[in-house]
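Below, each chain spelled out in residue letters.
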Amino acid sequence: MKLKMRRCRVCKEYTLKDHCPHCGGELEVIYPPRYSPEDKYGKYRRMLKKQMSDSS
Amino acid sequence: MAELLQKAYGETDPHYGSIPEERPLEEHLSKGIINLDKPSGPTSHEIDAWVKRILKLDKTGHGGTLDPRVTGVLPIGLDTATRSIQLLLEAPKEYVCLMRLHEDVGEAKIRDILGEFTGKIFQTPPMRSAVKRELRVRTIYYVNILEIDGQDALFRIGCEAGTYIRKYCHDIGEALGVGAHMAELRRTRVGDFQEDDTLKTLQDVTDAYHYWIEDGDEAPLRECVLPMERAASHLKKIVVRDSAIDAVCHGADLAAGGILQLSEGIKRKDTLAIMTLKGELVAAGEALATTTEIDQADKGIMVNIKKVFMEPGTYPMMWK
Amino acid sequence: MKKLGKILHLSNRGRIILRSHQTPALGLSVFNSRNKKVGFIHDVFGPTKDPYISVKILASKSKKSENRVGETLYVPEQAKKKWGRRKRSKN
Ligand SMILES: [Zn+2]
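A brief look at the structure comes next.

Rules used in this analysis
- Numbers given for residues are sequential positions, taken from 1 along each chain in its written order.
- Naming scheme: in the order in which they are written, chains are lettered from A and ligands are numbered from 1.
- Given that this is a predicted model, residues contribute local features only at a pLDDT of at least 70 and side-chain atom pairs are listed and counted only at 80 or more, while totals for whole chains, interfaces and linings are drawn from all residues.
- Excluding hydrogens and water, the side-chain figures rest on all heavy atoms present in the structure.
- Each Phe, Tyr or Trp ring, with Trp reduced to its six-membered ring, pairs with another whose centre is within 6.5 Å; inter-plane angles below 30 degrees give stacked pairs, above 60 give edge-to-face pairs, and intermediate values give tilted ones.
- Helix and strand assignments follow DSSP, with helices taken as H or I runs no shorter than four residues and strands as E runs no shorter than two, numbered in order from the N terminus.
- Each residue is assigned to one of three classes by its accessible area relative to the maximum for its type, calculated with a 1.4 Å probe on protein chains only: buried under 20%, partly exposed between the two thresholds, exposed over 50%.
- Only when the NZ of Lys or the CZ of Arg is both within 6 Å of the ring centre and within 35 degrees of the ring normal is a charge said to sit over the ring.
- Donors, by definition, are the N, O and S atoms found within 2.8 Å of a metal, the threshold being 3.2 Å for Na, K and Ca, and water is not counted, so a site can look incomplete.
- Angular criteria define each label, namely tetrahedral for four donors with all angles between 85 and 135 degrees, square planar for four and octahedral for six donors with opposite donors over 155 degrees apart and remaining angles between 65 and 115, and irregular for whatever fails these tests.
- A contact between two residues is defined here by any heavy atoms of the two lying within 4.5 Å.
- Note on definitions: buried area is the accessible-area loss of two parts on being combined, 1.4 Å probe, summed for both.
- Any carboxyl oxygen of Asp or Glu within 4 Å of a side-chain nitrogen of Lys or Arg constitutes a salt bridge here.
- Side-chain atoms alone can form a polar contact between residues adjacent in sequence; in general such a contact is a pair of N or O atoms within 3.5 Å, and within protein one must be able to donate a hydrogen while the other accepts it.
- Working definition of a nonpolar core: buried Ala, Val, Leu, Ile, Met, Phe, Trp, Tyr and Cys residues. They are joined through side-chain atoms within 4.5 Å.
- Only residues whose relative accessible area exceeds 30% and that form no salt bridge are eligible for patches; like-charged ones are grouped when within 9 Å, while nonpolar side chains (Val, Leu, Ile, Met, Phe, Trp, Tyr) are grouped when within 5 Å.
- Note on areas: Shrake-Rupley with a 1.4 Å probe; residue coverage comes only from the protein chains shown.

1. Quick notes on the packing of aromatic side chains
- Enumeration over the complete set of coordinates arrives at 7 aromatic pairs over all chains.
- For the pair Tyr35(A) and Trp50(B), a centre-to-centre distance of 5.7 Å together with 45 degrees between the ring planes defines the contact as tilted. One end of the pair, Tyr35(A), is in the loop between strand 3 (27-29) and helix 1 (42-55); the other, Trp50(B), is in helix 2 (residues 44-55), on a second chain. Just as Tyr35(A) is buried, Trp50(B) falls in that class too.
- With a centroid separation of 5.9 Å and an interplanar angle of 90 degrees, the aromatic rings of Phe117(B) and Tyr168(B) are classed as edge-to-face. Separated by 51 residues along the polypeptide, Phe117(B) in the loop between helix 4 (107-116) and strand 6 (119-123) and Tyr168(B) in helix 5 (residues 165-176) bring together distant segments of the chain. Grouping residues by exposure puts Phe117(B) and Tyr168(B) together as buried.
- Within the aromatic cluster, the residues linked to one another by ring pairs are Phe117(B), Phe155(B), Tyr168(B), Phe45(C) and Tyr52(C).
- In this structure, Arg230(B) is placed above the aromatic ring of Phe193(B), and the distance from its NZ or CZ to the ring centre is 5.6 Å.
- Directly above the aromatic system of Tyr52(C) lies the positively charged group of Arg19(C), at a separation of 4.1 Å from the ring centroid.

Written out as structure tokens, the structure reads:
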């Protein structure tokens, strides 16, 4: 089933629309990523995170 | 702490206890709470177990169960702080809910019915819940309608602990006659835990732990864990003298002489958080008097201590 | 017999929905003006001042209930009216 709730990246309000009706801001997916206790790709995620924070 | 009334003056000895934000990391972890963004799928209990495993702790516990498919704010108490999470069970909650009606009734009717279902409402727990099915009264503090799109209504709802949102939607459907169900739900607040920078995913917590163990970097983990005192943020408070703390830790009721500061507006039977001058959570108890009465009293028991969170011996024993 | 309220509608789940100034106990029998039992209290919900009542219709009566909107229903006099309110009255 397709989920309809989104949230504005800017004003953080929830909406069903494609753009924020309050400020016109871009929307973000609100649901946290799935997690598996094995977390197979954790190592790569952490490497990527570090690269991102080092380059910024 | 905001605007406390000063009843008496006192100082705190830096040799005992610790300012919550300045605890060494190991202690911070064992007295910490994670403002976790629960993913869809696992039960709240499974989330506890995963956090316990990720951080290699002895104990964890969550504040206010969320159904498996519901996401959002799920505070997780770590080790010593596991008990303090009990304070959140009674705390007000906020959700963003997408309700779907089974027929079109028009926007005006949806607005009217949500208005009607605000304030004190009757609600029986759903059949499949563990709670006995009997009539209960719950307070809906506010319903802010965000959008209505045909048969879909998106709203933010602030409610008393123990309100079932799925049942709330179902009941509105029955009241309108057309039927309705909760299509999507996300919790956005439990007491003082909300959807802000402190809200972390299981991935965030996992990564923070690895950065600490593998690189010795404490910062990400500190960012993921809040002091357990946050579980009492929504409660009215009483700050006590150092000399009164240990007796309270042993379960003794709190007398007027030990009180230094207190919140405005305390009523009898309110749940109060007992705090140190350093801002540490000691215990929770039931108010036996109002703010004015407590402020004016020089003797007598003011708070009936119900739950103790601080280890006895943290502060020196000054009582007989 | 005591007046419960007038039938508002039949919900899409087949329950009689009405509004009442009373808070009848769950499971209490519900009667029509001819003293015939039509069903029992299934649920009480919504605003405490003026709650909605959902009545589960007896299987034998379910066919006829569609034309009953507006009809007044009744509950027995000795209903334990305070039933649901008692516990939380101190809050
Ligand atoms: Zn916006």
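2. Digging into the coordination of the zinc ion
Residues and elements named next belong to chain A.
- All of the protein donors around the zinc ion are Cys8 (SG), Cys11 (SG), Cys20 (SG) and Cys23 (SG); their distances to the metal are 2.3 to 2.4 Å.
- One way to put it: the 4 donor atoms around the zinc ion meet at angles of 100 to 121 degrees, and that makes the site tetrahedral.
- The exposure class assigned to Cys23 is partly exposed, which follows from its relative accessible area of 41%.

3. A few points about the interface of chain B and chain A
- At the interface, 34 residues of chain B touch 27 residues of chain A.
- The contact between chain B and chain A buries some 2600 Å² in all, and 53% of this surface belongs to carbon and sulfur atoms.
- Among the residues chain B hides against chain A, the three largest losses belong to Glu147(B), Glu184(B) and Gln203(B). Together they make up 24% of the total.
- Taken together, the connections running from chain B to chain A amount to 9 salt bridges.
- In this structure, Arg46(A) and Asp207(B) form a salt bridge, with 3.0 Å as the shortest nitrogen-oxygen distance.
- If you look at where chain B meets chain A, you find 20 residue pairs in polar contact (both at pLDDT 80 or more).
- Mapped by element, the contributors of at least two residues to the side of chain B that touches chain A are strand 2 (32-38), helix 2, strand 5 (93-101), strand 7 (136-149), strand 8 (152-159), strand 9 (180-190) and helix 6 (202-215) of chain B.

4. A closer look at the arrangement of the chains
- No other pair of the 2 pairs of chains in contact has as many contacts as chains A and B.
- Nothing in chain A touches chain C; the tightest C-alpha to C-alpha distance between them is still 23 Å.

5. Points about the nonpolar core
- Ile34(B), Leu55(B), Leu78(B), Met99(B), Phe155(B), Ile165(B) and Tyr168(B) are the most contacted members of the largest nonpolar core, which totals 53 residues.
- In this structure, Val240(B), Ile259(B), Met302(B) and Val303(B) belong to the second largest nonpolar core, which totals 25 residues.

6. Here we look at a nonpolar patch on the surface
- Together, Tyr41(A), Tyr44(A) and Met47(A) give the surface a local cluster of nonpolar side chains, amounting to about 390 Å² of exposed area.
- Turning to its location among the elements, Met47(A) is positioned in helix 1.

7. Description of the interface of chain C and chain B
- Listed per partner, the contact involves 25 residues of chain C and 25 residues of chain B.
- Taken over both partners, the interface formed by chain C and chain B buries close to 2000 Å², and the fraction arising from carbon and sulfur atoms is 54%.
- Where chain C touches chain B, the interface holds 2 salt bridges.
- Taking the shortest distance from any N to any O, the salt bridge between Lys167(B) and Asp43(C) comes out at 2.6 Å.

Note that all results are geometric; they support no functional claim without further evidence.
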